[in-house]
Amino acid sequence: MLEKQPNGSTLPVQSPKSCIVEEMDSNPMVSSLLNKLANYTNLTQGVVEHEADEDSKRKEVKVPRMGTFIGVYLPCLQNILGVILFLRLTWIVGTAGVLESFIIVFMCCACTMLTAISMSAIATNGVVPAGGSYYMISRSLGPEFGGAVGLCFYLGTTFAGAMYILGTIEILLTYISPSAAIFKAEEVGEETEAMLNNMRVYGTCIIILMAIVVFVGVKYVNKLALVFLACVILSIIAIYAGVIKTAFDPPDFPICLLGNRTLSKRSFDVCAKFTESNNETKTTTLWRLFCDSSLLNATCDDYFSLNNVTEIQGIPGIMSGVLADNLWSAYSEKGSIVEKKDQPSVAGSEDTKMGGLPYVFTDIMTYFTMLVGIYFPSVTGIMAGSNRSGDLKDAQKSIPTGTILAISTTSFIYLSCIVLFGACIEGVILRDKFGEAVDGNLVVGTLAWPSPWVIVIGSFFSTCGAGLQSLTGAPRLLQAIARDGIVPFLQVFGHGKANGEPTWALLLTAGICEIGILIASLDSVAPILSMFFLMCYMFVNLACAVQTLLRTPNWRPRFKYYHWTLSFLGMSLCLALMFICSWYYALIAMLIAGCIYKYIEYRGAEKEWGDGIRGLSLNAARYALLRVEDGPPHTKNWRPQLLVLLNLDSEQLVKHPRLLSFTSQLKAGKGLTIVGSVLQGIYLDKCTEAQKAEENVKALMGVEKTKGFCQIVVSPHFRDGISYLIQSAGLGGMKHNTVLMAWPQSWKQTENRFSWKNFVDTVRETTAAQQALLVAKNIDLFPTNQERFTEGNIDVWWIVHDGGMLMLLPFLLRQHKVWRKCKMRIFTVAQMDDNSIQMKKDLQMFLYHLRLNAEVEVVEMFENDISAFTYEKTLMMEQRSQMLKQMQLSKNEREREAQLIHDRNTASHSAPAIKASVAAAVPEKVQMTWTKEKFVAENIVTILNNVCLHARNQSNVRRMHTAVKLNGVVLNKSQHAQLVLLNMPGPPKNRKGDENYMEFLEVLTEGLDRVLLVRGSGREVITIYS
C-alpha cells in the first residue's frame, strides 16, 4: 500500500493487517497458545519412561487417566504404611506407654497434615511438573532452596531405601528363617554384633539385586506395586480382625516369668523349674540354665532360687483391662531386663552375672525423643501423589483430596493401633522388641488373625517393595535436579541410557544406600532419614507461607483451605521435631543443606523461576528503602556511595577496566555502587546497543567482582547524559554521594576538543549536586585485583580541609588485600606565619583521635605558592585551622582573596606559555626550613614578576606558579609512592578559563604514576567520636 507525499513521491504504508502479521512472527496466535496449554503434559519434562522407549510405535502422548483413588490415595497409603508399623510400633507403645505414644503419633501426623495442606496449595497453583516436592520448592523458593531441599529429599529417600532393606532382612533372619544367619554368636553377649554383621552381608547382596532389577526394567517394579499394596492392606485387615477376635477368644501365647522378669523361650520349652513324672521329680531345661547341674541339690542362681516361675497370657484380649497397665511409660537403660511391674518378686544378690541367663534384655537405651526419631519415618510418603502429577486426570483436584484423605486414614490407623495394642497385649510383650518371649514370633503377628504368618509374609513383601520403589524414585529425583543444571558437579547424573534411565544416578543411589546398610541398625538409620524428610517438609510449609504473605499476583491456588498461620505452624513443628529427634543430626542436616545452598549461590547456574524469595527480597528492599532517610547520613555512617562513570568504545566495550578494579578495592562489596555510562544518540535507534553495552559492563563487573548496579543512558548529547546520571541515578535514600571517573588523557588532542569541556562541566555539576568527586589519573597503571603491593606508601597531600575525604579514602583502600601492606603518609602545607612544629603535633593528635595510623610531615611553602587553593575555599582553610588550632590565615591573606576571585573571573588562555617560563624558574631543591636569610635569597618572586610582563592576566600566572611549585614538592616527596591523593581545586566560574584549569591540573600531577584527585562535597565525612 503506497501513500502519496506532498512532494509527489510515494512511501509504503503498513496496513493494520500487515502490522498484526508482523507481530505474529514473534508472538503466537491466541488459538495456538490455548491449544498448547490445554494439551500440556509433563512427560517430556521428566524422565522418559522405560516402556515408552521400548514401544516405539506410540507416537502420541498418552492422556493421563488416573483418578484420585488410584493415582494419589493408594500410592500415599502404600508409602505411609510400612516397616515401622509392623516392626516397631508395638515396642514404641510398650516403652512410651499409650499416652506418650499417642502424643508422638499425633505430633508426627499433625506435622504431615499441615505439610499436606501447604503442599496442596502449591500443587494447585498452576500445573505441577513431574518431580514432585523438588519442583514445588524450587519454583516457589528459588534454585538455591530448591537444590538444597531437593538433595535433602533425595538423601532422605535413599536412606529410606536402606531402612526398608534392613527391615526386610530383620523379618527374614528373625521371624522367617533364623537358621539362615551367616554369623553366629559364639559367646554370650555377641548376639547383637552377629546380627549387625548378618544385616551388612545380606543388605549388600539385596542392594545389588534390587539395583539390577531397577536397571533392567522399571516396568516390572511398577507391575509389582499392586502386589505390595495388597500385602499392606491385608496385613492391616488381619490386625483389626485379630483385635476383634480377642474380645471373645484370645489367642494362646503364654509368657514365662521368673519373679517379675521375662524369660526368653528360645532356650527352653517348659515354663517350670521341675516336673512330676511317675512320682519322680525331674529338673527342666530352665533349671539347667540357672543351676550348675540337673540335680535338685545343685547350686543355682540366687534370684532363681528365691522366686517362682509363673506363666501368664501374652495377649489377654481387649476386654481384659490391661490397657490401664500400659498407659504409662517404661523407659530403660541398655541391657536392662524386661520386667512386669505388678508381679511379686524377691530381689537376689546384686553380684549375680546376668550374661548367659535366658532373660529378655533391652538392646538400646530408650527415651521419648529417641522414639520420635524412630517413629517419624512411618508417616513419610505424603509426596507420592504429587510425584505422579503427570499421570493424573486432574492433578489440581486429585492431589489435595487424595493426599489429605490418605493422611487422615493412616493417622486413624496409627492412633487406633496404639490404643488397641495397649488394650490387647501384655506390657512385657510390647517391650519385647524381637518377640523372644513368644517363641520368636513377630509381636504384632501374635495379635493377627488367622495366623501370625499373614503379618510376617505381608510385612516382608511390603518392605521389600518399598525398598525397590525408593531405589526407583531416588535416582529420578537426582536426575531431575541434575538436568536443571543448578548444581554443576551433579550434571553427570543427568545422563543415562538411551531411553533416559538414570544409570549413573542409580549407581550413586546404591552407593549411598550401602552406607545406611553398613550402619546396619534400623533404629540408627531411621532418625537420619527423619531429618532429611523433616527439612523437606519444613521448606514446603515455608514456601506456602512466603507466597501467601507476599500476595504475589501469580499466587492463586484452587485449594482454598489454607492459611499462612497453618503453614507457619507446620514449619515450626517440623523444626521442633528435628531437634526433638536428634539435635546433632538436625545440625548436621542443616549444615549439609546450608553448604549446598551456598554452593548453588556461588557456583550454580542463574535461574529465574519467579520464585517467592525474589519477591521477598523485593519486599524487603522496598521496606528498607522507605526506612532509609532521604537525606545525608550521619557522619559516623558515611561511606562513599559511588557513581562510576565509564567510557565505552565503538564496540560498546569498557575503555578503562581498571576503573572497576579500583572501585572494588575501594568498596570491598560494601555500600552502593552504580556503574553508569552514556551512549550518544536516540534511544529508539540505540536500544540494542544499550543492551549490549549493559551486558558488557555487567560481565566486566562480574570479572572484577564489583558488586553494584549498571545503568546505561542514551542521550543526544554526551554532556546531558552525564548530567542525567549525576542527577537521577539511585533510588530514594539509596543515592550516590561520590562520583568516580577517569582523567581524560587525550584532552589536548584536537579531535577530542570537547572531552575536557565535558570533564570540567562534570566537575561543576558534582559541586552543584553537593557530591564528592574522585578523578583517577593514569588509571591504566592502577593495580588489578590480583596484584599485591608488598611495600610502599599511600601519600595524602592535605592542602585544604575537604570534610575528611582525604583521610578516609586511604583507610578504605587499605582494607583490601591489594593495598593492605602499604603505609599511609599525610603531608600538609605550612605557610610563613604557621608554627610547623606545633602544627605537626596537632595533626598527629587529630589522627590519633580519628584512630588512623599514619606518618605526618609538614611541608613549608610561600603563601603565594598555594594561592590557587587559598582563593578557592577560604572557609575550608578556616575549618582546617580550627581543627589543628595553628593553621590560620593571616589578615592580609583574607583581604587578598577578594582580589584573587576577581582575577579568576577575568582569566585568559595564556597558561601554556606561562607553564614553560615558570618551569624553567623552579629551583632544583625546595627549602623546607624557613629562615630570614633563605627567604631573602629566594629569587622566585623576581623571576615571576618578569614572566608576568608577558602574561595577559596575573591570576593565571599565580595558578600556574602554584601548580609548578606544588608539583615539585610532591615529586620530591612522593615520586615513588604507590598512590598519591591530592586536593582538587574547583574550576573557575568564568568558562573562558576552563582550558587553563585543565592545564593547571595537568601540571600539578605531572610525573606521578598513580594520582587520585579528590574534591570533597563540603560536609564532614569522618569524625573523632564513636
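Residues numbered from 1 in each chain as written. Predicted model: local features only at pLDDT ≥ 70, side-chain atom pairs only at ≥ 80, totals over all residues. Heavy atoms only, no water.

The next point concerns the overall build of the protein chain. The number of helices and strands found in the protein chain is 37 helices and 17 strands. In the protein chain, buried positions account for 54% of the 1026 residues. Put simply, of all contacts in the protein chain between residues at least 6 apart along the chain, 81% involve residues at least 24 apart. (Helix = DSSP H or I, 4+ residues; strand = E, 2+ residues; numbered from the N terminus. Buried < 20%, exposed > 50% of the residue type's maximum accessible area, 1.4 Å probe, protein only. Contact = heavy atoms within 4.5 Å.)

Here we come to the sheet that holds strand β8 (residues 642-646). Two pairing modes exist for strands in a sheet, parallel and antiparallel, and in both the strands are linked by backbone hydrogen bonds. Within the open sheet, the ten strands sit side by side as β10-β9-β8-β11-β12-β17-β16-β13-β14-β15. Their pairing is mixed. A strand with exactly one partner marks an edge of an open sheet, and here the two such strands are β10 (709-715) and β15 (855-860). When strand polarity is set aside, the average angle formed by the axes of neighbouring strands in this sheet is 20°. Relative to strand β16 (residues 979-983), strand β13 (residues 793-798) runs parallel, the two being bridged by four bridges. Looking at β16, one finds that W797 is bridged to L982. Lying over the sheet, helix α25 (residues 683-703) contacts β8, β9 (673-680) and β10, oriented at roughly 155° with respect to β10. Across the sheet, helix α29 (residues 836-849) lies against β13, β14 (823-830) and β15, angled at about 150° from β15, the strand it touches most. (Pairing = 2+ DSSP bridges. Axes fitted to C-alpha atoms, helices over the stretch in contact; angles between N-to-C directions.)

Moving on, we get to the sheet that holds strand β3 (residues 254-258). Ordered by their spatial adjacency, three strands build an open sheet running β4-β3-β7, and the pairing between neighbours is antiparallel. With partners counted over all chains shown, the strands left at the sheet margins are β4 (261-262) and β7 (309-313), one partner each. The pairing of β3 with β4 spans two bridges and is classified as antiparallel. Bridge pairing links L257 to T262 in β4.

Turning to the state of the cysteines, a few remarks are in order. Each disulfide consists of a covalent bond between the sulfur atoms of two cysteine residues. Summed over all chains, the structure comprises two disulfides. The partner cysteine of C291 in its disulfide is C300, sulfur to sulfur 1.8 Å. In this structure the cystine formed by C291 and C300 twists about its S-S bond by roughly 100°; its chirality is therefore right-handed. Each member of the pair, C291 together with C300, is buried. C536 supplies the cysteine sulfur nearest to C152, a cysteine that is in no disulfide, at a spacing of 8.3 Å. Summary of cysteine pairing: C581 is not part of a disulfide, and the nearest cysteine sulfur, belonging to C108, is at 6.7 Å. What makes C581 buried here is its relative accessible area of 8%. (Disulfide = S-S within 2.5 Å.)

This brings us to the packing of aromatic side chains. Tallying each qualifying case throughout the model produces 24 aromatic pairs. With a centroid separation of 5.9 Å and 85° between ring planes, the pair formed by W555 and Y562 is classed as edge-to-face. What makes Y562 buried here is its relative accessible area of 18%. One aromatic cluster is present, formed by F274, W287, F290, F304, Y359 and F361 through successive ring pairs. The positively charged end of R261 is found above the aromatic ring belonging to Y303, 3.7 Å away from the centroid. Its guanidinium or amino end placed over the ring of W91, K433 lies 4.3 Å from that ring's centre, counting from NZ or CZ. (Phe/Tyr/Trp six-rings, centres within 6.5 Å; stacked < 30°, edge-to-face > 60°. Lys NZ or Arg CZ within 6 Å of the ring centre and 35° of its normal.)

With that settled, consider the pattern of salt bridges. On inspection of all chains with the given rule, the structure shows 19 salt bridges. Between E170 and R88 there is a salt bridge; the shortest N-O distance is 2.9 Å. Placement of the pair is E170 in helix α8 (residues 143-176) and R88 in the loop between α5 (83-87) and α6 (89-123), with a sequence separation of 82 residues. Per residue, the accessibility class of E170 equals that of R88, and both read buried. With a shortest N-O distance of 2.8 Å, D523 and R88 are connected by a salt bridge. Highlighted residues: D523 in helix α20 (residues 522-550) and R88 in the loop between α5 and α6, separated in sequence by 435 residues. Look at D523 and you get buried, because its relative accessible area is 9%. Of the residues examined, R88 reaches a relative accessible area of 1% and is grouped as buried. (Salt bridge = Lys/Arg side-chain N within 4 Å of Asp/Glu carboxyl O.)

Topologically, E1002 is positioned in helix α37 (residues 994-1004). Side-chain polar atoms of E1002 contact the side chain of K777, separated by 2.7 Å. Discounting chain neighbours no more than four positions away, the residues touching E1002 are W743, W747, K748 and K777. (Polar contact = N/O pair within 3.5 Å; in protein donor to acceptor, adjacent residues only side chain to side chain.)

For the rest of this paragraph, the subject is helix α21 (residues 564-581). Relative to the 26 Å expected for 18 residues at 1.5 Å per residue, α21 spans 26 Å between its end C-alpha atoms, a close match to the ideal helical length. Buried residues of α21: S567, G570, M571, L573, C574, L577, M578 and C581, and no others. Axial view of α21: buried residues confined to an arc of 160°, hence all on one face. Looking at the packing, one finds that the buried side of α21 touches α6, α13 (368-375), α20 and α22 (583-603). (Expected span 1.5 Å × (residues − 1). Arc of directions from axis to C-beta.)

The contact between α20 and α21 brings their axes to 8 Å, and the two run at 160°. Between α20 and α21, the angle is such that the two are roughly antiparallel. Note on packing geometry: the crossing formed by α20 with α21 is left-handed. Facing α20, whose interface residues are M531, L534, M535, Y537, M538, N541, L542, C544, A545, T548 and L549, α21 presents W564, S567, G570, M571, C574, L575, L577, M578 and C581. The class makeup of the residues in the contact of α20 with α21 is 16 nonpolar, four polar and no charged. (Parallel < 35°, antiparallel > 145°, perpendicular 65-115°, else oblique. Left-handed = near helix turned anticlockwise from the far one by under 90°. Nonpolar A, V, L, I, M, F, W, Y, C, P; charged D, E, K, R; others polar.)

The predicted model of the protein chain has a mean per-residue pLDDT of 78, with 78% of residues at 70 or higher. Within the model, pLDDT remains below 50 along residues 39-64, and this stretch shows 36 contacts once partners closer than five positions in the same chain are excluded. Across residues 883-952 the pLDDT falls below 50, and counting only partners more than four positions away or on other chains, this stretch makes 119 contacts in the model. (pLDDT = per-residue confidence, 0-100.)

Let us now look at the nonpolar core. One finds M163, Y375, F376, M383, Y414 and F421 to be the most contacted residues of the largest nonpolar core, which totals 165 residues. Excluding anything up to four places from it in sequence, F376 contacts C108, C111, S530, F533, L534, Y537 and L577. Listed in part, the 53 residues of the second largest apolar core include W638, V796, L809 and L843. (Core = buried A, V, L, I, M, F, W, Y, C linked by side-chain atoms within 4.5 Å.)

What follows covers a nonpolar patch on the surface. A contiguous nonpolar patch, built from I208, I212, F215, V216 and Y220 and spanning about 480 Å² of accessible area, is present on the exposed surface. Ranked by residue count, the leading element in the nonpolar patch is helix α9 (residues 191-216), at four residues. Take I212: it is sitting in helix α9. (Patch = residues over 30% accessible without salt bridge, like charges linked within 9 Å, V, L, I, M, F, W, Y side chains within 5 Å. Areas by Shrake-Rupley, 256 points an atom, 1.4 Å probe, with all protein chains shown as cover.)

So, about the pairing of β10. Most of β10 is tucked away, with five of its seven residues classed as buried. Examined bridge by bridge, β9 and β10 share seven bridges and lie parallel to one another. Across the sheet, the residue bridging to Q680 is S715, located in β10. Regarding topology, α25 serves as the crossover connection from β9 to the parallel β10, and that connection is right-handed. (Right-handed = clockwise from strand over helix to strand, strands pointing away.)

Turning our eyes to something else, we now look at helix α27 (residues 755-768). Look at α27: 20 Å from first C-alpha to last across 14 residues, which is about the 20 Å you get at 1.5 Å a residue. Restricting attention to buried positions, one finds in α27 the residues W756, F759, V760, D761, T762, V763, R764, E765 and T766. Of the surrounding elements, those touching the buried residues of α27 are β8, α26 (718-728), β11 (738-742), β12 (772-777), α37 and β17 (1011-1015). Downstream of α27 by one or two residues, Q770 has phi in the positive range, about 55°.

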